[in-house]
Each structure stands twice: as structure tokens, then as C-alpha cells.
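Here are the chains, one letter per residue:
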Amino acid sequence: MENMKIPEVHYFGAIMAPEVAEMHSEPMQETLGPREVLVKMLICNICTNDYQTWQAKRTSKNKFPMASGHEWVGDVVAVGEDVKLFQVGDRVGQCSAGCGECIMCRMGHTEQCMMPKNKGGWAPVNGFYGLRCFSDYKVFRQNQLIKMNKDMPPQLTAFLEPVSTAVAGARKLNAPKGDTVVIIGAGSMGIVNALVYHALGYRVIITELTEKKLARARSMGWAEVIDSKAVDPVQAVKDLTDGIGADAVVPCVGLSSVYAQAQQMIKKHDGKILLFPAGYPEPTMDVDPNEIHYNRAEIIGTYGGEVEDIALAAKLINSGVVDPSFAWEGETFPLYQIQDAYVRAATPDMYRISVDLQKVSED
Ligand SMILES: [Zn+2]
Ligand SMILES: [Zn+2]
């Protein structure tokens, strides 16, 4: 199929100030480099990270104007002359934002890319920070992309990044298959984690407080769901595990009280706690080193995902083994109404909200 011509300008969503998001435009590059790919962006979902930035809650990370977004999927519409891995018509997602050339990238650790421009604290381009993935068209290098299933709704394949972070967490947790994993919280990332642990062969128990999320967790059919309003979740986990406690707990809500609960839920010896989320305001955790020592407990951090995690996440989604629809609110906003999308995404108890990146005007 023939290459599409690069549009003269592209449209993108940006957070201009706390609780103010707008659509902007800027000129695009005129020609594709030999290994570059022009992607017609279809959907970008709003991550917790995105709407907490919009709320100016991520105090250490707030930089405006921020043209963020990373949970996207799109179609290849033009390829550079040396692009051999993708062709026009392929559905793609992002498998790395690294340079692909430094030693860290070549080892698969693209989040530790050594290229100065990728080393944290991005410099603004045309006055905007961020990767601009709430965008109708965007150019990528072929080594930043991965194929996604074209027969699935883009709102669901756009879960590639969140699923990859859960896959990365499970890899770091390194618990034997069949172990009991307790997920605290059935919000978007609680559900995504539950889906991944279920797919990877663990027994999954979910604890949750709100009716909407309890119902969502139960609707998956296979999870054991504890209503933390009705019963003491620590006791309920003990009851479900013959008094032993959970092999592992994955808090998916970044609250001090949740971390304290996780410490009570793990089994007496060799229990593991995976610190999956960030919390704002910053939570604290009471850790007694002697207790960790005597109980041989593990407290493990996880953030983001490596290329291997993104590749496995793509397989799980593309094959239907992980069905992200359970973590999707079912609502899609046009790009030109990105402010409304943020308002909705930041409303308590919402699952992932989608932005249709091709809708840049009312007609
Ligand atoms: Zn995300
Ligand atoms: Zn690199």
C-alpha cells in the first residue's frame, strides 16, 4: 500500500495548567527518515499518571504545558525506505521510548536509556513538555513500535502499557505459579493486575470497598472477591488460605493504610509485598527491619516495564488471554474535547477513559 503524505500540522492534547487541558497544533516534519514510521493515531487512554498530572497532584513531576499520553494505539500510514518490520495498514503500539542504540536500550532496559534527551526531565519542544501521544498523527522510529491486533477495538489494545507494567511487576514478584496473590483495590490497575496474575497461573483474591468496583471484580467470574466494607479483609484472606495468609499482596492503591493492611495479609514467613502504585499525597510504610529479617519477608518495588514485559503484554492482549474490557469505562471522548475527558477520568471510581485521536473538530 502507498505511503500517506505527512500532514503539515498535527493536533495534540496538552495540559496547560492545573485542571486545564486543550487541543493544540504544531507543524510536522516534512519527510520521513529511512527508519521512521508515520502513525495515524487512533486511541489514547487516560492513565492515572495523566489525570493526576492534570490535577497537579504529582508534585515532583508537574511541568506545564504538558502534552502527555502513552496508552495509545494507531495504524501505520507511511514507512521510511529502510523500514522492513512494518507496513502500511499494520496496527501498532509503543514498545519503547528509548533510543534503541545505547547499551541500556540494547539490553532491553529502555527506561534507563542513556541518551541525554531520554534521561528524565525532558526539555520542552515548541514550548510543550511530554511525548504528545494524545495526537492525531505522530512519527516513530520502527524500533519503538510493536504490532497489535487489528481485529480488536483500539480502546482495548491501547491497554498495552498498563498491562506491561503489571507483567513487569509479576516478573519482579517472582512467585511460584499457583501462589495466592491478593490484589488490594479493583480500580483500573487493580483489575489489570488481577487479569495478568490470573493469566499467568496464580490464584487471585481481590479486596475492594465500593459497590461499582466490587461488581466489576466479580463480573470477571474467576476472582475471589472480598467486600472490605462488610468483612475484615485481613481475616477474610486468612480464612481463604487456611489461616496461613497470602503468598503475595499487590496493593493497587497508594495509601499508607493499604500498605499496613498488606503487611498483615502476607503469610508469616516468606511473604511478598509488591509496591505497584504511586500514591499522592505520598504514603508512608512502617517497616521493622527485624521483622523483615525474622519473617524473611520481601518488599519489592516495581515501576514501568522493560521491552520483554511489553512483548509479553502484547501477546496476552492480542491473543485475548487478557481482556482489558474489564478495566475500561466504555466511554470515548473526541480529542477536541480532551478537557471533558480529563474531567471524566478524574471522577472517583472511573475505569479507563478513551480519547478518539482522529476527532479533531466537530465535523
Ligand atoms: Zn499508563
Ligand atoms: Zn537508549
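Residue positions are given per chain, counting from 1 as you read along its sequence in written order. Ligands are numbered from 1 and chains lettered from A, in the order in which they are written. Local features in this predicted model are restricted to residues of pLDDT 70 or higher, and side-chain atom pairs are both shown and tallied only at a pLDDT of 80 or more, whereas totals for entire chains, interfaces and linings draw on every residue. No hydrogens and no water enter the side-chain calculation; it runs on all heavy atoms of the structure.

Points about the packing of helix α4 (residues 160-173) against helix α5 (residues 188-199)
Axis angle and axis distance: for two packed helices, these are the angle between their axes and the distance between the axes, and together they describe the pair. Note on method: axes are straight lines fitted to C-alpha atoms, helices fitted across the in-contact stretch only, with angles between N-to-C directions ranging 0 to 180 degrees. Labels follow the DSSP assignment, with helices taken as runs of H or I lasting at least four residues and strands as runs of E lasting at least two, numbered in each case from the N terminus. Viewed as axis vectors pointing N to C, α4 and α5 meet at an angle of 55°, and their least axial separation amounts to 9 Å. Classified by the angle their axes make, α4 and α5 are oblique. Judged by the twist between their axes, the crossing of α4 over α5 is right-handed. Facing α4, whose interface residues are P162, V163, T165, A166, V167, G169, A170 and L173, α5 presents M189, V192, N193, V196 and Y197. As a working rule, the residues Ala, Val, Leu, Ile, Met, Phe, Trp, Tyr, Cys and Pro are called nonpolar, Asp, Glu, Lys and Arg charged, and the rest polar, with Gly in that last group. Of the residues contributing to the contact of α4 with α5, the split by class is ten nonpolar, three polar and no charged. Reported orientations rely on four angle classes, namely roughly parallel under 35 degrees, roughly antiparallel over 145, roughly perpendicular from 65 to 115, and oblique for the rest. The sense of a crossing depends on the near helix, which, turned anticlockwise from the far helix by less than a right angle, makes the crossing left-handed and, turned clockwise, makes it right-handed. Note on definitions: a residue-residue contact is assigned when non-hydrogen atoms from the two residues lie within 4.5 Å.

A look at the coordination of the zinc ion (ligand 1)
Donor atoms are limited to N, O and S found within 2.8 Å of the metal ion, a distance that becomes 3.2 Å for Na, K and Ca. With water left out, some sites might look partial. For the zinc ion (ligand 1), the full set of protein donor atoms is C47 (SG), H70 (NE2), E71 (OE) and E161 (OE), and the range of their distances to it is 2.1 to 2.5 Å. Angle rules define the geometry names used: all angles between 85 and 135 degrees makes four donors tetrahedral, while opposite donors over 155 degrees apart and all other angles between 65 and 115 make four donors square planar and six octahedral, leaving every other case irregular. Because the angles between the four donor atoms bound to the zinc ion (ligand 1) fall within 90 to 163°, the donor set is best described as irregular. The sequence pattern describing where the donors of the zinc ion (ligand 1) fall on their chain is C-x22-H-E-x89-E. One end of the pair, E71, is in strand β4 (residues 71-79); the other, E161, is in helix α4, and 90 residues separate them in sequence. Each residue gets one of three labels from its accessible area relative to the maximum for its type: buried under 20%, exposed over 50%, partly exposed in between, using a 1.4 Å probe on protein chains only. Since its relative accessible area comes to 1%, E71 is described here as buried. For E161, a relative accessible area of 26% gives the class partly exposed.

Considering the domain arrangement of the protein
Domain segmentation is taken from an automatic or database assignment of domains. Taken domain by domain, the protein consists of domain 1 (9-152 + 320-356) and domain 2 (166-301). Summarising the inter-unit geometry, the C-alpha centres of domain 1 and domain 2 are found 30 Å apart. Contacts between domain 1 and domain 2 engage 18 residues on the former and 18 residues on the latter. Accessible area that two parts lose when put together, with a 1.4 Å probe and added across both, is what the buried area reports. Buried area between domain 1 and domain 2, both sides added, is near 1500 Å², and the carbon and sulfur share of it is 57%. Area buried by domain 1 at its contact with domain 2 is led by F326, D349 and Y351, which between them contribute 44% of it.

As for the coordination of the zinc ion (ligand 2)
For the zinc ion (ligand 2), every protein donor is listed as C99 (SG), C102 (SG), C105 (SG) and C113 (SG), and the spread of their distances is 2.3 to 2.4 Å. Viewed at the metal, the four donor atoms of the zinc ion (ligand 2) are separated by angles of 104 to 117°, and the geometry they form is tetrahedral. Linear spacing of the donor residues for the zinc ion (ligand 2) on their chain is C-x2-C-x2-C-x7-C. With respect to class, C102 is no different from C105; both count as buried.

Details of helix α6 (residues 211-219)
Inspection of α6 places K213, L214, R216 and A217 among the buried residues, and these make up the whole buried set. Looking straight down α6, one finds that the buried residues subtend no more than 160° of arc, so they occupy a single side. This arc is taken over the directions from the axis of the helix to the C-beta atoms.

Looking at the side chain of Q144
Here Q144 shows up in the loop between β6 (137-141) and β7 (145-147). With relative accessibility at 9%, the residue Q144 sits in the buried group. The contacts of Q144, once residues within four sequence positions are left out, are G93, Q94, C95, S96, A97 and G98.

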